[in-house]
Amino acid sequence: MGKSSFINALMGHTEENRAKTSAYGNTTVSTTEYFDISFTDCPGYGTPYFTNQAYCMHTSIELFDYVLIFFYAVTTDVIWFAKTLEERKMKFCFVRTRLDIDVDSAKFDKAEDTDPESIASTLRTTAVDTFEKEGLSNPFVFVISNRRKDIGHFPDLLSHIEQVLHKEKYQALIYEISTYTRDTIIRKHRLLCERINSVTMRAVIEEGEEATDCDSGNVEDEKKESNYNKRCDVWNVNYCSILKPLN
């Protein structure tokens with residue numbers, strides 16, 4: 001279903017540190033953690049290795065901040081797992097993989113609609129309708145390709161994660177992942193600007209507090225501004241240039 005492939009694509013990993021993948025599936029048969037942020041690649045459920053009944057106990061699923069349910073077709077096992085997470089009041093979404101294969105198939109069959117974004121939208125709508133009919137409330141579905149970074153709902157997925165994760169954890173995620181798409185670059189740039197502003201102003205304030213108190217508030221403000229400019233010069237930071245929004 002592309003769990004390990006997703007981690008490899010997300011983190012931009014090479015052969016030396018990539019998660020195990022296989023064209024034949026079910027490569028992951030134990031819970032495996034990767035990298036500074038704990039992306040935990042859980043084994044598939046409803047397999048000879050793990051029955052549905054034993055799955056949650058063996059994977060300690062309740063310890064996770066967020067769960068991405070990878071699927072290619074909506075099966076009873078997918079429905080069961082989602083309902084199990086709902087019952088435990090856990091945060092999760094669905095990630096439908098292999099969009100590139102669907103696009104290639106549409107082109108091979110000379111289908112009327114071969115636009116990747118249109119196909120992704122159709123797949124998402126179909127999946128959402130199916131999940132809702134099965135009793136799942138407000139399902140979040142994202143259709144992506146682990147091989148083609150220019151198609152699908154990956155930016156939407158990041159926006160969704162930003163809404164549901166604690167701010168510090170989301171920032172750690174963005175810092176850690178590779179420059180997957182232009183959207184990712186913009187997100188990294190935005191967080192960098194926020195951090196530069198926070199760290200620089202904090203440094204200025206700390207240095208200002210060490211200075212001798214002056215009778216005039218205006219003089220003190222001028223000192224802080226001067227210290228701020230000096231720090232930017234020392235760090236060789238073109239502050240205005242860095243903070244300029246990316247188009």
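Residues numbered from 1 in each chain as written. Predicted model: local features only at pLDDT ≥ 70, side-chain atom pairs only at ≥ 80, totals over all residues. Heavy atoms only, no water.

As annotated in an unreviewed UniProt entry, the protein chain carries the name IRG-type G domain-containing protein and comes from Mytilus edulis. Looking at the protein chain in UniProt, the text filed under Sequence similarities (unreviewed entry) is "Belongs to the TRAFAC class dynamin-like GTPase superfamily. IRG family." (UniProt positions renumbered as here; feature names shortened; annotations may be inferred.)

Scanning the protein chain from N- to C-terminus turns up 10 helices and 5 strands. Of all 247 residues assigned to the protein chain, the portion counted as buried reaches 38%. Taking the intrachain contacts of the protein chain between residues at least 6 apart in sequence as the baseline, contacts between residues at least 24 apart amount to 59%. Carbon and sulfur atoms make up 50% of the accessible area of the protein chain, which amounts to about 14,900 Å² in all. (Helix = DSSP H or I, 4+ residues; strand = E, 2+ residues; numbered from the N terminus. Buried < 20%, exposed > 50% of the residue type's maximum accessible area, 1.4 Å probe, protein only. Contact = heavy atoms within 4.5 Å. Areas by Shrake-Rupley, 256 points an atom, 1.4 Å probe, with all protein chains shown as cover.)

This brings us to the sheet that holds strand S5 (residues 141-143). The 3 strands lie next to each other as S3-S4-S5, forming an open sheet whose pairing is parallel. Both outer strands of the open sheet, strand S3 (67-71) and S5, are each paired with one neighbouring strand and no more. For this sheet, the mean angle separating the axes of adjacent strands, direction not counted, is 25°. Both S3 and strand S4 (residues 92-96) contribute to a ladder of 5 bridges, which runs parallel. Looking at the pairing, Val67 lines up with Phe92 of S4. (Pairing = 2+ DSSP bridges. Axes fitted to C-alpha atoms, helices over the stretch in contact; angles between N-to-C directions.)

Another point: helix H2 (residues 52-59). Where H2 is concerned, the buried positions are Asn52, Tyr55, Cys56 and Thr59. All buried residues of H2 lie within an arc of 90° about the axis, which places them on one face of the element. Residues of H2 that are exposed and point more than 90 degrees away from the buried face comprise Gln53 and Met57. Looking at the buried side of H2, the elements it contacts are helix H3 (76-87). Just downstream of H2, Ser60 is the residue with a positive phi angle, here 50°. (Arc of directions from axis to C-beta.)

The next point concerns the packing of aromatic side chains. Inspection of every chain in the model, using the stated rule, returns 6 aromatic pairs. The interplanar angle of 90° and the centroid separation of 5.7 Å between the aromatic rings of Phe92 and Phe94 together place this pair among those described as edge-to-face. Across the pair, exposure class does not vary: Phe92 and Phe94 are buried alike. Put simply, the rings of Phe71, Phe92, Phe94 and Phe131 pair up and form one aromatic cluster. When the ring centre of Tyr72 is taken as reference, the NZ or CZ atom of Arg98 above it lies at 5.2 Å. (Phe/Tyr/Trp six-rings, centres within 6.5 Å; stacked < 30°, edge-to-face > 60°. Lys NZ or Arg CZ within 6 Å of the ring centre and 35° of its normal.)

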